[in-house]
Amino acid sequence: MAMGFALLVIWKPGLVLAVIGVPIVLALIAYLTVGHERVAEISAESWRKFQLRRPKRAEALRAKADALALKWDMLLDHLPESWADRLALPDLSGSNGTSLKDAPDPFERLAREARDD
């Protein structure tokens, strides 16, 4: 399989770049278009549906992701704290029961600040 991929890269490098690059660029455009909060909402809802449909597989995947996050945290312990804060992964050990719908509206804070000025 690796030999076939190597031949494909040599024979049609543009095709390989397009097959790999186009989905990445489209995902980046979608992320930048809808924003971080909406992507997080969509991801959380998709995960919830996946948990309902396949609970055993979801738990196994969550356990693997949690183990990876722990290994990543061990790696981050060797970096400066300012870098580690930016590269930290979310806690995957369980849901804390909050959602973005329950979060305070950031525009209310901005409106309050505008009135105070």
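Residues numbered from 1 in each chain as written. Predicted model: local features only at pLDDT ≥ 70, side-chain atom pairs only at ≥ 80, totals over all residues. Heavy atoms only, no water.

1. Observations regarding the overall build of the protein
Heads up, the condition is: A helix here means a DSSP run of H or I that spans at least four residues, while a strand means a run of E at least two residues long, and both kinds are numbered starting from the N terminus. Here the Shrake-Rupley method, with its probe set to 1.4 Å, supplies the accessible areas, and only the displayed protein chains count as covering residues.
When its secondary structure is counted, the protein shows six helices and zero strands. Reading the protein from its N terminus to its C terminus gives the helix and strand order α-α-α-α-α-α. Approximately 10400 Å² of the protein is accessible, and the part contributed by carbon and sulfur atoms is 66%.

2. Concerning the confidence of the model for the protein
So the rule is basically this: The pLDDT value expresses, per residue, how confident the predictor is, ranging between 0 and 100.
Looking at the protein as a whole, its pLDDT mean stands at 85, while 87% of the residues score no less than 70. When pLDDT is averaged over each element of the protein, helix α2 (residues 13-34) comes out on top at 93 and helix α6 (residues 106-116) at the bottom at 81.

3. A closer look at the pattern of salt bridges
Convention followed: By definition here, a salt bridge exists when the distance from a side-chain nitrogen of Lys or Arg to a carboxyl oxygen of Asp or Glu is within 4 Å. Think of it in three bands: residues with accessible area under 20% of the maximum for their type are buried, residues over 50% are exposed, and the middle band is partly exposed, with areas taken using a 1.4 Å probe on protein chains only.
Counting across every chain of the model gives four salt bridges. When the shortest N-O distance is used, the salt bridge between E45 and R48 registers 2.6 Å. Taken as a pair, E45 and R48 lie in helix α3 (residues 36-53) at a separation of three residues, close to a single helical turn. For E45, a relative accessible area of 34% puts it in the partly exposed group. By relative accessible area, which is 39% here, R48 ends up partly exposed. Residue R62 pairs with E59 through a salt bridge whose shortest N-O separation is 2.7 Å. Here E59 and R62 lie together in helix α4 (residues 55-76), a separation of three residues that amounts to about one turn. Since its relative accessible area comes to 41%, E59 is described here as partly exposed. Taken together, the salt bridges that share partners define one network made up of E59, R62 and D66.

4. Things to note about the packing of aromatic side chains
The criterion, for reference: Each Phe, Tyr or Trp ring (for Trp, its six-membered ring) is paired with any other whose centre lies within 6.5 Å, and the angle between the two planes then decides the class: stacked below 30 degrees, edge-to-face above 60, tilted in between. Counting as a charge over the ring demands two things of the Lys NZ or Arg CZ atom: a distance within 6 Å of the ring centre and an angle within 35 degrees of the ring normal.
For the coordinates displayed, the defined rule picks out one aromatic pair. Ring centres of W47 and F50 lie 5.5 Å apart, and the angle between their planes is 45°; this geometry places the pair in the tilted category. In this pair, W47 and F50 both sit in helix α3, three residues apart, roughly one turn of the helix. In this structure, K12 packs its charged tip against the face of W11, placed 5.2 Å from the ring centre.

5. Here's the deal with a positive patch on the surface
Note the threshold: To count toward a patch, a residue needs a relative accessible area over 30% and no salt bridge; like charges are then connected within 9 Å, while nonpolar side chains (Val, Leu, Ile, Met, Phe, Trp, Tyr) are connected within 5 Å. The charged-residue count follows a simple rule in which Lys and Arg add positive charge and Asp and Glu add negative charge, with His and chain termini not counted at all. Taken as the charge location is NZ of Lys, CZ of Arg, CG of Asp or CD of Glu.
On the surface, K49, R53, R54 and R57 cluster together to form a positively charged patch. By the secondary structure assignment, R53 is in helix α3.

6. Let's talk about the packing of helix α1 (residues 2-11) against α2
When two helices pack together, their arrangement is given by the angle between the helix axes and by the axis-to-axis distance. Operational definition: The angle between two axes is taken between their N-to-C directions and runs from 0 to 180 degrees, where each axis is a line fitted to C-alpha atoms and a helix contributes only its stretch in contact. Convention used here: angles under 35 degrees read as roughly parallel, angles over 145 as roughly antiparallel, angles from 65 to 115 as roughly perpendicular, and any remaining angle as oblique. The contact definition used throughout considers only heavy atoms, calling two residues in contact when any of these lie within 4.5 Å.
Relative orientation of the contacting elements α1 and α2 amounts to 110°, with a least axis distance of 5 Å. Comparing their axes, α2 and α1 come out roughly perpendicular. Here F5, L8, V9, I10 and W11 of α1 lie close against α2, whose contacting residues are P13, L15 and V16.

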